[in-house]
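Results of the structural survey
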Amino acid sequence: MIARYHIRVSGTVQGVGFRPFVYRIAVRRGLAGFVRNLGDAGVEIEVEGPEDALRDFLRALREEAPPLAHISRIDLEELPPNGDKAFHILASRGGGEGGGAIPPDIATCDRCLADIDDPGSRYHGYWATSCTDCGPRFTVIESLPYDRPRTSMRDFPMCEDCRREYEDPLDRRYHAQTIACPECGPVLTYIEGGREPPGDPIELAAQALEAGKIVAIKGIGGTHLACDATSEETVAELRRRLGRPAQPFALMSPLELVKEFAEVPSEAERLLRSPRRPIVVLPKKDGKLAESVAPGLHTVGVMLPYSGLHHLLFKRIDFPLVMTSANLPGRPMLIENSRILSELSGVADAFLLHDRRIVARCDDSVVRFAAGKPVFLRRSRGWVPEPIAVNLGEEPMLALGAELNVVFALYQRGKVFLSQHIGNVEHLETEEFLREAIAHLLRITGAPLPSIVVCDLHPGFPTTRLAEELGEEVIKVQHHVAHVAGLAGEHGLSALVGIAIDGYGYGVDGAAWGGEAIVWREGEWRRGGSLRPVPMPGGDLTTLHPGRMATSFLLTAGLPLEEAGLSPQELEIVKLQIERGINCPETTSAGRFLDAVSAWLGLCRERTYEGEPAMRLEAAAAAGTPVPVEPEIREHEGRPILDTAALFRELHRLRREGVSIADLAATAQEALARGLARMAIRIAREEGIEAVGLTGGAAVNDRIASAVREEVECAGLRYVQHAKIPPGDGGLSFGQLAHAAHTRGR
Ligand code: ZN
Ligand code: ZN
Ligand code: FE
C-alpha cells in the first residue's frame, strides 16, 4: 500500500543539518516528497511510498536525528498519494530561520574526530574540522539568517573541495556553515617570547605544557589558560601570576584520565560525554592532582576535550590540564588576539592562537549534582542560545538579573532565551559586554528590543540603571521572589512555597534578605518566614571577612566572641559597630550564616573568591556525619523565624563535647536545611499548597538539598529544585520574567 504523510516537526530543527538528514533517510528508503523550513514553525515534510518504508522513515526521524537537533513535537496527517517519484529539499517558506533557530556550540562529533585521525582524509590533523552535526554556532554568528556570509567564517572563502561537500545533499557537510579544511580554513599560530618558532603549533604547545609552562589557548568561544594539573609547582605559579590564591580551577582531561583523579558516577559520565560538554563537578580522589587545583575542596570541576584542537593536543600529552577562563579578575574573558597577547603577557609563557574571530564569547558551562540531580552552576556554552519553552503571555520582555553572575533573559512568543554567562557587572568592561551581548542576542533571534524591561529591586545595581535606560516600562522584582518565581515557572506551578537560600538580596524593607520561605501564587507573594535577623557589621564587608559574621552570631547567641578569630582591635570595631548600629544592617541571609560557621570552625576566615567560606564548609561537611539537632522555630514580627543564634549555641555545646570539625560542619548545614524545610512545610500546609522547592545560590549544596528534599517528601508534599536554569543568580533573570509576566497591569 502506498501512502503519503504530511509531517510537521517542531523544536531545534533549523541550522542543525535537519533537512539533509531528512533527505538522506527518505532517499535511502526510496521515498518521494519534499522537506522545507517553515521559519518559526519548524520543518515541514511530505513523504510518499510503501507503508512499511514510511514507518521505518518515521522511526529514523525520531531516533537518528542529528545530535544538535531537538524535536519537541511531531504532528502527522495522512494525505492522498499524488504519485511523486523523487525527494527534494525545497526553499524555505515563512521568513527563513526565525527565533530559536540558532543552535549552541557543540563538541566535535565522533565522525569528525575520525576524519582528523584518518591519514587518508583531507581533514587529517586539522584543528577546526566540523560538520552539520558539530562545531561552533552561537559564537560565530553575527546575524540572521544563519548562513556563512553572516558568520566569522566569512573571512575564509571555501576551497573547491569544501564547496563540493557543502553543495552535496548526501554529504554530511551539506550546508555546514563552518566547513573548513587546511586549504581554506582558519590557521593556528604558536607564539613564545614574542616570536613564532618553526614547527607544528599544537606540537609546540604540547611541549611547552610538558615543560611546565603556562599556555594561553584560544579555543571556540573563548580563551583558556592551560597548564599541567599534576604539577604543584606549575599550578601554584599560575595562582601567583593571576593573584587568585584559592578559587578552584577547572580541568580538561580525556575520560580515562579523569577516572584516575575523580569519581565518575554513571550519570556524571553521561553528562561529561554529552555533546554539550559542560564542566562537571566531581568528587576528587587523592594523589594525582596538584593540591593547588582546588585548595581545601573535596570536589574538582572537569570537562572532556570538546574541539578538534583539544583532541589533537591530548594526543600529545598524557596529563590533565588546568583550563581556566583567561580573564583579568572580574572582567570578561579575553577573545581578541591582540588583547590576549598584551593583557596576558605577565601570565602566560606562550600563546596558541587562531585567526577566526569570536563573535560572541561564551564561557564553559558548569554542572554539579544536588539531591541526586544535575544542577547548573553556570548555563552557558553548549546550551546558549537554546530557548526554554514557557508561556509568559504575548508581550516580549527583557530581564537583566542582579549584579553578580549576571545572565540576562529575553522572552518572546513562548520562549525564554537565557544569555551566556556575563559576569559581575560592577566592572564597566563587563557592563559593556552585557550591552553587546543584548544586541547580539536580539540580532540572532530577530527580535526588537522589548519595551518592558525587568530588573532587581536594588536601586544601586548597574542592571537597574540599564533597565531604566532601556525600558519604556520597568518592572522591579524582589530578588528572592524572582528566584522562587523562576522555580515555579520552570515547573509550571501556579503555587509554591519556595525556600530561597542565598547570599544577598535587597528586601522590600531595605534589609539584606537571603534565607526566606516565600509563598508564591501566580505573582502574588508574601514572606512566609525567614532566618532570624542578625546584625551584619560593616555591611558588604562581612562577605569578605566572614569572621565579622561569626562575631555577630556569637554576640547574638551570648557566646565568647574570641572564637570568631578576629584580632582584638578588629573585634573592638565590630562590637562597636553592632552596639551603635553603625553601617550595621540586619540580615537573614543563609549564605552569611554558613560563612559565619565556616569562620568559627576555622575553615575560612578571609574570603578570596565568591562562595569560598560556604564551599569550604561543604567540603569539610562531606567527611562528617550530622548530629541531630532540633531546629528552633518561633514567631518574630508576625512571621516564623528559624533561630540561627540558638543553632549556634547548640553547635557551641557540641564543640565543647568534642564533636569533630567535620561533624559540626555537617550538623550546621543539616540543621539549617531541616529547619527551613520544616518551616516551609508548615506554611505550605496552612496555605494549602502542594509543592515546596529550593532555590538560591546555596541550593547547589548537595547535603542541604538532600535534607530539604527528604523533609518535604516525608511530609507528603512535592519537592522541586531547578533543572533547566541555575538556582543562583545566573537563573535570576528567568525568574524576573516569570514573576513580571503575572504582575503586569496590576
Ligand atoms: Zn562533525
Ligand atoms: Zn577547504
Ligand atoms: Fe540570589
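In this report, the structure presented in the accompanying data block is examined. This is a predicted model, so every value here is computed, not measured.

This part covers the coordination of the zinc ion (ligand 1). Listed as protein donors to the zinc ion (ligand 1) are Cys109 (SG), Cys112 (SG), Cys131 (SG) and Cys134 (SG); their distances from the metal cover 2.3 Å. Considering all 4 donor atoms around the zinc ion (ligand 1), the spread of angles at the metal, 104 to 117 degrees, places the coordination shape in the tetrahedral class.

Moving on to helix H22 (residues 732-743). Taking 1.5 Å of rise per residue, the 12 residues of H22 would be expected to cover 16 Å, and the 17 Å separating its terminal C-alpha atoms lies within 8% of that figure. Counting buried residues in H22 gives 10 out of 12 residues, a clear majority hidden from the surface. Turning to H22, its buried residues number three or more, namely Leu732, Ser733, Phe734, Gly735, Gln736, Leu737, Ala738, His739, Ala740 and Thr743.

Before going further, it helps to examine the side chain of serine 307. As for its placement among the helices and strands, serine 307 is situated in the loop between strand S11 (299-303) and helix H9 (308-314). On the accessibility criterion, serine 307 (3% relative accessible area) is buried. When near neighbours in sequence (up to four residues on either side) are disregarded, serine 307 contacts Thr108 and Ile220.

Applying the stated criterion to the full structure yields 4 cavities of 30 Å³ or more. Thr108, Gly135, Pro136, Ile220 and Ser307 are the residues nearest the centre of the largest cavity, which is lined by 16 residues in total. Partitioning the lining of the largest cavity into residue classes produces 7 nonpolar, 6 polar and 3 charged. When residues of the lining of the largest cavity are assigned to domains, at least three map to each of domain 2 (98-186) and domain 3 (188-354).

Most often, soluble globular proteins have nonpolar side chains that are buried together. Ranked by size, the top nonpolar core spans 71 residues in total, and within it Ile499, Ile501, Phe648, Leu672, Leu694 and Val708 carry the most contacts. In terms of residue count, the dominant contributor to this core is helix H20 (residues 661-687) (14 residues). With residues near it in sequence (within four places) discarded, valine 708 still touches Ile499, Ala673, Ala677, Leu694 and Tyr719. Judged by nonpolar contacts, the second largest core, of 45 residues, contains Ile191, Leu225, Leu272 and Leu304.

What counts as what
- Residues numbered from 1 in each chain as written.
- Chains lettered and ligands numbered in written order.
- Predicted model: local features only at pLDDT ≥ 70, side-chain atom pairs only at ≥ 80, totals over all residues.
- Heavy atoms only, no water.
- Donors = N, O, S within 2.8 Å, 3.2 Å for Na, K, Ca; no water.
- Tetrahedral: all angles 85-135°; square planar, octahedral: opposite > 155°, others 65-115°.
- Helix = DSSP H or I, 4+ residues; strand = E, 2+ residues; numbered from the N terminus.
- Expected span 1.5 Å × (residues − 1).
- Buried < 20%, exposed > 50% of the residue type's maximum accessible area, 1.4 Å probe, protein only.
- Contact = heavy atoms within 4.5 Å.
- 1 Å grid on protein atoms, 1.4 Å probe; cavity = no way out; pocket = protein on both sides within 12 Å on 5 of 7 lines; lining within 4 Å.
- Points joined across faces, edges and corners; volume = space filled by probe spheres on them.
- Nonpolar A, V, L, I, M, F, W, Y, C, P; charged D, E, K, R; others polar.
- Domains from an automatic or database assignment.
- Core = buried A, V, L, I, M, F, W, Y, C linked by side-chain atoms within 4.5 Å.

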